[in-house]
Number of protein chains: 2
Amino acid sequence: MKLGVNSGFSATRNCMLASPAVFRRQEFLIRCLGGYSSYQKGIQGVKSMAGPTSEADSENILRAITPTLDQSKHKGQAGKIAVIGGCREYTGAPYFAAISALKIGADLSHVFCTKDAAPVIKSYSPEIIVHPILEESYSVGDEDQASISSKVLAEVDKWMERFDCLVVGPGLGRDPFLLDCVSRIMKHARESSVPIVVDGDGLFLVTNCLDLVSDYPLAVLTPNVNEYKRLIQKVLNCEVNDEDSHGQLLSLAEQIGGVTILRKGKSDLITDGKTVKSVSIYGSPRRCGGQGDILSGSVAVFISWARKLRAAPDWDTSISPKNPTILGCVAGSTLLRKAASLAFEDKKRSTLTTDIIEYLGRSLEDICPVN
Amino acid sequence: MKLGVNSGFSATRNCMLASPAVFRRQEFLIRCLGGYSSYQKGIQGVKSMAGPTSEADSENILRAITPTLDQSKHKGQAGKIAVIGGCREYTGAPYFAAISALKIGADLSHVFCTKDAAPVIKSYSPEIIVHPILEESYSVGDEDQASISSKVLAEVDKWMERFDCLVVGPGLGRDPFLLDCVSRIMKHARESSVPIVVDGDGLFLVTNCLDLVSDYPLAVLTPNVNEYKRLIQKVLNCEVNDEDSHGQLLSLAEQIGGVTILRKGKSDLITDGKTVKSVSIYGSPRRCGGQGDILSGSVAVFISWARKLRAAPDWDTSISPKNPTILGCVAGSTLLRKAASLAFEDKKRSTLTTDIIEYLGRSLEDICPVN
């Protein structure tokens, strides 16, 4: 059946580039002969999983939602991502998320951050468009807060319609005034049906104000161990129960109202409250800070792609699961784990997040060659 | 006996990675046959040493206190380090210390510096979390000093409990108001039993105010020739006597109250007032500025690891010396000397500190392979 899926999918979408179709057909034949190593890895992943959660067909999902490249396309069609984050303390996190989105194939990557953070983030890379518009309490008098908040919102609104996905949280900090502005930005994003990937301090914000994401199917939360713990305590009013990680994760997503949750860990667990998929292939034992930012930037791009392709007439209806936010999370998780494993092979204990980012391109090419 | 030591140590800790255990067994056999070159270098080191000081079993200590990597661990468990340093004049030193900590395997590395220094240090690397909170006299009116000092302390205290080790001094400068704030930070670190590695201008501060570290067994001083001379003059009220470097170093540590001292030199001498160990292997004739910062950042990470592993049930009780600050100093010294020697082989006279930092990962992998 997968042949029907992939070749049909290719035949219609690769009219200008024959080789991806050929590649997918060859890949199917190799898999029929049981020789497809990444597929084998997937199977091993399943074997290594406890509980009823099923391993996602990670690499095939990544291939299915990655658009073919085409000389006739124009700037912006491969994705426009915005990261809301970056303050006086944190500048690395929003940079990691924004540059990862570009390295995967997005056309434009914006960062909306505070005035202090902007020059530093700009200095990391000329590729990123950095808007120094957010303000922290220390720089705003009480009497000016209302007017400045409206000004910030107006600045972001000028761009909102153009963005395919927002990433809220990397290096956002916890300043009350800044978080209040970001809450308003999130409300406007919802009104414009722009998907929102929430990580880092964005999860701190959302955990304390669940209405920002509840019942919004285009919201994606990507908690790590501690962020997940706080969510469980706040939403389910209990402790994390690893005996029933599957059921508890389902209840959490259901309780928040069908948002998608990517629980990061040894295996990444992904749910939308209906199904739970895990991604266990590849990965690295290095836990240097910043990998979560690569993930949020990557998931944002893959969700944008999944939504566009799903709306296309040649979308392969047999791809499962159907939810584009889950497909985006599976693809983002798979790509980060692959890049992290390649970087670790190379740099071992000294692997840093910038090293992993350098392997995003090769990882994507290994899984989903351009031709 | 070392076979029992190491293999037992591996067998319990390397349940997920078999090869380090195999590596240690092979290494033991090679050493039995007298073929282990770095061990030979160690022996030569001992021969070249004057006095009763014994050469540390450097590489085995480094291997013993370096944690095995494990997919199930999460961010922070491999170490969270903070560097207190960086002012209007100096920005390189705190960067070298903080990035070295990450390159060795710490998960998170923070820098607390002045407002002027922060954007520059941030721009060196997005991997480091930089807090622009310290103030120098020129930017603070006398009437504001008390309130600003309390604010600075409150900012650091928010984080203190999370840090496994502080490095105080790299690029700190000698501004009286700033040093007064740092003194208060050190007192709070002591109250929280956070180890403190003191180097550079931190040694200037401590030499003039010994109470900051005296009788604190988790304090480590890493003086170079001149800093050591000032310490000897201040504490023992005499000149450095190289005829009795062993005895004088012991008296110095004893006099200050059992702090650990790493005296940097052709051979690094390390004591806690009870025993003196030397590290003579590897090393480079290049004396470019900044190597001391690599050392302080490395020692901070190794002390964190040594303290954690020493508390673990499978800690090898036969490892000598017992003191985790000495173990950390031996490992840090060994790794820097190895990286410096590899960088010098490569770059010769043009070797810079950044070149040495690039060899930290390979040096660690050569001595303590991941698998």
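Each value, and the rule that gives it
Residues numbered from 1 in each chain as written. Chains lettered and ligands numbered in written order. Predicted model: local features only at pLDDT ≥ 70, side-chain atom pairs only at ≥ 80, totals over all residues. Heavy atoms only, no water. Helix = DSSP H or I, 4+ residues; strand = E, 2+ residues; numbered from the N terminus. Buried < 20%, exposed > 50% of the residue type's maximum accessible area, 1.4 Å probe, protein only. Contact = heavy atoms within 4.5 Å. Areas by Shrake-Rupley, 256 points an atom, 1.4 Å probe, with all protein chains shown as cover. Least-squares fit on C-alpha atoms with pLDDT ≥ 70 in both. UniProt positions renumbered as here; feature names shortened; annotations may be inferred. Expected span 1.5 Å × (residues − 1). Disulfide = S-S within 2.5 Å. Pairing = 2+ DSSP bridges. Axes fitted to C-alpha atoms, helices over the stretch in contact; angles between N-to-C directions. Lys, Arg positive; Asp, Glu negative; His and termini not counted. Salt bridge = Lys/Arg side-chain N within 4 Å of Asp/Glu carboxyl O. Polar contact = N/O pair within 3.5 Å; in protein donor to acceptor, adjacent residues only side chain to side chain. Parallel < 35°, antiparallel > 145°, perpendicular 65-115°, else oblique. Nonpolar A, V, L, I, M, F, W, Y, C, P; charged D, E, K, R; others polar. pLDDT = per-residue confidence, 0-100. Right-handed = clockwise from strand over helix to strand, strands pointing away. Buried area = accessible area lost by both parts, 1.4 Å probe.

Caption draft 1: Seen up close, the overall build of chain A. When helices and strands are tallied, chain A shows 15 helices and ten strands. Counting every position in chain A, which comprises 371 residues, the buried fraction comes to 61%. Taking as baseline every contact in chain A between residues at least 6 positions apart, the subset at least 24 positions apart corresponds to 69%. Accessible area for chain A stands at about 14,300 Å²; split by element, carbon and sulfur atoms hold 52% of it.

Caption draft 2: Just the relation of the copies chain A and chain B, in detail. Overlaying chain A with chain B gives an RMSD of 0.1 Å, the required rotation being 87° about an axis along which the chain moves by 0.2 Å. Such a combination of turn and shift is consistent with a four-fold rotation axis. Using C-alpha coordinates, one finds that chain A approaches the rotation axis most closely at Ser123 of chain A, a distance of 4.7 Å. Comparing interface residues between copies, only 4% of those in chain A also lie at the interface in chain B; the contact surfaces differ.

Caption draft 3: Examining the UniProt feature "binding site: (6S)-NADPHX" (unreviewed entry) in chain A more closely. Residues and elements named next belong to chain A. When the UniProt feature table is mapped onto this chain numbering, "binding site: (6S)-NADPHX" (unreviewed entry) sits at Gly171, Asn224, Val225, Asn226, Glu227, Tyr228, Lys229, Arg230 and Asp293. Inspection of the secondary structure puts Asn226 in helix α10 (residues 225–235). Position of Arg230 among the secondary structure elements: in helix α10. Owing to a relative accessible area of 37%, Arg230 belongs among the partly exposed residues under this scheme. Every residue in contact with Arg230, bar those within four places of it in the chain, is listed here: Arg174 and Thr207.

Caption draft 4: Structural detail: helix α11 (residues 245–256) of chain B. Residues and elements named next belong to chain B. For α11, built from twelve residues, the straight-helix expectation of 16 Å at 1.5 Å per residue is met to within 8% by its first-to-last C-alpha distance of 17 Å. The buried fraction of α11 is high, at nine of twelve residues. Taken together, the buried positions of α11 are Ser245, His246, Gly247, Gln248, Leu249, Leu250, Leu252, Ala253 and Ile256.

Caption draft 5: Representation of the UniProt feature "domain: YjeF C-terminal" (unreviewed entry) in chain A. Mapped onto this structure's residue numbering, the UniProt feature "domain: YjeF C-terminal" (unreviewed entry) falls at residues 58–367 of chain A. With 49% helix and 13% strand, residues 58–367 of chain A has its two end C-alpha atoms placed 10 Å apart.

Caption draft 6: Expanded view of the state of the cysteines. Residues and elements named next belong to chain A. For the coordinates displayed, the defined rule picks out zero disulfides over all chains. Left unpaired, Cys113 is separated from the closest cysteine sulfur, that of Cys87, by 9.3 Å. With no disulfide of its own, Cys165 lies closest to Cys329 among cysteine sulfurs, the gap being 9.6 Å.

Caption draft 7: Representation of unusual backbone geometry in the model. Residues Ser320 of chain A and Pro321 of chain A are joined by a peptide bond in cis, for which omega reads -5°. Here Pro321 of chain A shows up in the loop between α12 (291–311) and α13 (324–347). For Ser193 of chain A, which is not a glycine, the phi torsion comes out positive at approximately 55°. Take Ser193 of chain A: it is sitting in the loop between α8 (176–191) and β6 (196–198). Given a relative accessible area of 39%, Ser193 of chain A falls into the partly exposed group. In the Ramachandran plot, Asn237 of chain B falls in the positive-phi region, its phi being about 55° despite a non-glycine side chain. For Asn237 of chain B, the position within the fold is in the loop between α10 (225–235) and α11. A residue is classified by how much of its surface remains accessible, and Asn237 of chain B, at 68% relative accessible area, is exposed.

Caption draft 8: Here's a closer look at the sheet that holds strand β2 (residues 80–84) of chain B. Residues and elements named next belong to chain B. If you trace the ten strands from one edge of the open sheet to the other, you get β1-β10-β9-β8-β7-β6-β5-β2-β3-β4, paired in mixed fashion. Each end of this open sheet is capped by a strand with a single partner; those strands are β1 (54–55) and β4 (129–134). Strands in contact with helix α7 (residues 145–160) are β3 (108–114), β4 and β5 (165–168); relative to β4, the strand with the most contacts, it is inclined by about 150°. Along the sheet, helix α13 (residues 324–347) makes contact with β7 (219–221), β8 (260–263), β9 (268–271) and β10 (276–279), crossing β9 at roughly 170°.

Caption draft 9: Structural context of the side chain of Lys348 of chain A. Structurally, Lys348 of chain A can be placed in the loop between α13 and α14 (353–358). Glu365 of chain B is the oppositely charged side chain nearest to the buried, salt-bridge-free Lys348 of chain A, at an N-O distance of 4.6 Å. Contacts of Lys348 of chain A, omitting those with residues within four sequence positions, involve Arg286 and Ala343 of chain A together with Glu365 and Val370 of chain B.

Caption draft 10: Looking closely at the sheet that holds strand β8 (residues 260–263) of chain A. Strand order in the open sheet made by the ten strands is β1-β10-β9-β8-β7-β6-β5-β2-β3-β4 (chain A), with mixed pairing throughout. Of all strands in the sheet, those with a lone pairing partner are β1 (54–55) and β4 (129–134) of chain A, marking the two edges.

Caption draft 11: Structural context of the side chain of Asp272 of chain A. Residue and element names in this part refer to chain A. Following the sequence through the fold, Asp272 ends up in the loop between β9 (268–271) and β10 (276–279). There is no salt bridge for the buried Asp272, and the closest opposite charge comes from Lys274, which lies 4.5 Å off by N-O distance. Reaching out from Asp272, the side chain makes a polar contact with the backbone nitrogen of Thr275 at a distance of 3.2 Å. Within the local environment of Asp272, its side chain forms a polar contact with the side chain of Asn323, the two groups lying 3.2 Å apart. Asp272 has contacts with Ala253, Gly258, Val259, Thr260, Asn323 and Ile326, leaving out every residue within four places of it along the chain.

Caption draft 12: Layout of the packing of helix α9 (residues 201–208) of chain A against α10 of chain A. Residue and element names in this part refer to chain A. Packing of α9 against α10 brings their axes to within 10 Å, and their N-to-C directions diverge by 5°. When the interaxial angle is binned, α9 and α10 end up roughly parallel. Residues Leu203, Thr207 and Asn208 of α9 form the contact with α10, whose participating residues are Glu227, Arg230, Leu231 and Lys234. Looking at side-chain class alone, the contact of α9 with α10 contains two nonpolar, two polar and three charged residues.

Caption draft 13: View of the pairing of β9 of chain A. Residues and elements named next belong to chain A. Neither face of β9 is left uncovered, since the one carrying Asp268 and Ile270 and the one carrying Leu269 and Thr271 both have all their residues buried. When β8 meets β9, the two strands line up antiparallel, connected through three bridges. Looking at β9, one finds that Ile261 is bridged to Thr271. Bridge count for β9 against β10 is four bridges, and the pairing is antiparallel.

Caption draft 14: View of the confidence of the model for chain A. All names here are of chain A. Averaged over all residues, the pLDDT of chain A equals 87, while 86% of them reach at least 70. In this model residues 1–51 is a low-confidence stretch, pLDDT under 50, and it forms 73 contacts with partners more than four residues away in sequence or in other chains. Taken together, the chains of this predicted complex give a pTM of 0.86 and an interface ipTM of 0.84.

Caption draft 15: Representation of the pairing of β5 of chain B. Residues and elements named next belong to chain B. Here β5 shows no split at all, with Cys165 and Val167 on one side and Leu166 and Val168 on the other all buried. The pairing of β2 with β5 spans four bridges and is parallel. Directly across from Val83, in β5, lies its bridge partner Val167. On the question of chirality, the crossover connecting β5 to the parallel strand β6 (residues 196–198) by way of helix α8 (residues 176–191) is right-handed.

Caption draft 16: Quick peek at the interface of chain A and chain B. Contacts between chain A and chain B engage 28 residues on the former and 37 residues on the latter. Both sides of the chain A and chain B interface together cover about 2,700 Å² of buried area, and 57% of this is carbon and sulfur. The largest contributions to the chain A side of the interface with chain B come from Glu89, Arg287 and Arg349 of chain A, which together make up 29% of the buried area. Linking chain A to chain B there are one salt bridge. Where Asp107 of chain B meets Arg286 of chain A, a salt bridge forms, and the shortest distance between an N and an O atom there is 3.3 Å. At the boundary of chain A with chain B, the tally comes to 14 residue pairs in polar contact (both at pLDDT 80 or more). Of the residues belonging to the side of chain A that touches chain B, the class tally is eleven nonpolar, ten polar and seven charged.

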